[in-house]
Amino acid sequence: MNKALVALYARVSSGQQVKNGTIGSQLAAIKDRIREDGHVLPDAMLFIDDGVSGATLIRPQLERLRDYAAAGDIECLYILSPDRLARKYAYQALLMEEFSACGVEVIFICHTPGDTPEDMMLLQMQGMFAEYERAKIMERNRRGKLHGARCGNVGVLSGAPYGYRYIRRQPDGTPAQYIVNLHEASVVRKIFSWAGIERLSLGGVVRRLAEKGIESATGKPGWDRSTVWGMLKNPAYKGLAVFGKTKNCAPRPRVRAARNSADILKNGYSVIRSKPDDGIGIPVPAIINSALFLTVNEQLEENRRHARQGRRGAAYLLQGLTVCGHCRYAYYGKKVSKSAAKGGRSILITTVLGRMLTALGAFGCVTINRSGHPCWMKRSGHRSLRCCLSRNG
């Protein structure tokens, strides 16, 4: 029995549970049971999903566990309880049937399995109750947040944008609130003034911030256009923060994962923007006046209508579909004029050929100049690398 191939699976749902270390209690209980049964648990047979919802089957470590089970590398699988395996009864039943077909004995620490119809019914009821409990928890959270938002409670926002400081609810009962950060608020006023009064584009605002040496909220010397756009569209700066700007929906198909994010959705759902009328306004201290906010948003809409990029579209078949294996930026194509190429023909490679050249020794994230050396190219007022390959023909 000691030679049985043993594995362990543990899971927690939220980032808060990961932060509080609740996964440690699961691991300790399961490892104690494995030792009591006289088994030895190899380090490579720990399958732990931290901060991944049990309402989806697409979990990194669960996928790895199923591959090991299909290959016959697992005989006994230890799990704390059925709801750690899945929060939906259908998923739980599917996994149990799959493990049984692979010859894997699943042992729940908090549940003694059996082969009788009564034991199977109890296991199925636990799975249905786990799914019901999850649905009730989500409904209570949703209802409580909606009530708090309608009462003007800032605590439902759980954070503050650039320019404010979020103060949590105090033990003496003082509600959560936004406090204006004077230094950041001055930067916010400058950004709105540049965009609304001086009519600067997003790129112009980003360059102005870099010229004045103003760091971003994360301490970076350069600002992203998307960050500035989000600030200019945030109604909190005019004194009305909005709860419910986004909502959850079924997982949407993705061509590729976003940079610095997992290939698999942890929560099993996608987040999309709600309709403007669906949000609930919560009064907060204003940094700018409503007239300036309206002027800025009208200017953004005008810039969008006159933007050439929206009408140009993708010029290459695989543009944006391939990702660099080194920096995770998407490949893109850029046309170069004959004068810029100094009479030679310049090709920016964004597809499989670029990966082939990378494998042959070229660095896939650096633009190669005419002499064959990497070129640093400026973008958004700071030095960065464009994720493409340039080749002079």
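The structure we're discussing is the one just above.
The structure presented is a predicted model; accordingly, all values stated were derived computationally and were not measured.

Asks: How do you make sense of the pattern of salt bridges when you look at a structure like this?
Replies: Scanning all chains against the criterion turns up 10 salt bridges. Two residues, Arg84 and Asp83, come together in a salt bridge whose shortest N-O distance is 3.5 Å. The shortest N-O distance in the salt bridge between Arg208 and Glu198 comes to 3.2 Å. With a gap of 10 residues between them, Arg208 in helix α8 (residues 202-211) and Glu198 in the loop between α7 (182-196) and α8 connect regions that are remote in the sequence. A network of salt bridges, in which partner residues are shared, links Glu63, Arg66 and Glu98.

Asks: What should I look at first to understand the packing of aromatic side chains in this one?
Replies: For any pair of aromatic rings, geometry is given as the distance between the ring centres together with the angle between the planes. What the rule picks out here adds up to seven aromatic pairs. Centre to centre, the rings of Tyr164 and Tyr178 are 5.2 Å apart; their planes meet at 35°, and the pair counts as tilted. In this pair, Tyr164 is assigned in strand β5 (residues 164-167) and Tyr178 in strand β6 (residues 177-180), connecting sequence segments 14 residues apart. Comparing Tyr164 with Tyr178 shows no difference in burial state: the two are buried. By way of ring pairs, the aromatic residues Tyr164, Tyr166, Tyr178, Phe192, Tyr237 and Phe293 are connected into one cluster. In this structure, Arg208 packs its charged tip against the face of Trp194, placed 5.1 Å from the ring centre.

Asks: In this structure, what is going on with the sheet that holds strand β4 (residues 105-108)? I would like to understand it.
Replies: Strand pairing in a sheet is mediated by backbone hydrogen bonds. Such pairs are either parallel or antiparallel. Ordered in space as β2-β1-β3-β4, the four strands form an open sheet in which the pairing is parallel. Sheet topology places β2 (46-49) and β4 at the edges, where each strand pairs with a single neighbour. Taken pair by pair, the neighbouring strands of this sheet meet at an average axis angle of 20°, ignoring direction. Pairing geometry for strand β3 (residues 76-79) and β4, over four bridges, is parallel. Across the sheet, Tyr78 pairs through a bridge with Ile107, a residue of β4. Helix α2 (residues 22-36) rests against β1 (6-11), β2, β3 and β4 of the sheet, and its axis sits at about 155° to β1.

Rules used in this analysis
Residues numbered from 1 in each chain as written. Predicted model: local features only at pLDDT ≥ 70, side-chain atom pairs only at ≥ 80, totals over all residues. Heavy atoms only, no water. Salt bridge = Lys/Arg side-chain N within 4 Å of Asp/Glu carboxyl O. Helix = DSSP H or I, 4+ residues; strand = E, 2+ residues; numbered from the N terminus. Phe/Tyr/Trp six-rings, centres within 6.5 Å; stacked < 30°, edge-to-face > 60°. Buried < 20%, exposed > 50% of the residue type's maximum accessible area, 1.4 Å probe, protein only. Lys NZ or Arg CZ within 6 Å of the ring centre and 35° of its normal. Pairing = 2+ DSSP bridges. Axes fitted to C-alpha atoms, helices over the stretch in contact; angles between N-to-C directions. Contact = heavy atoms within 4.5 Å.

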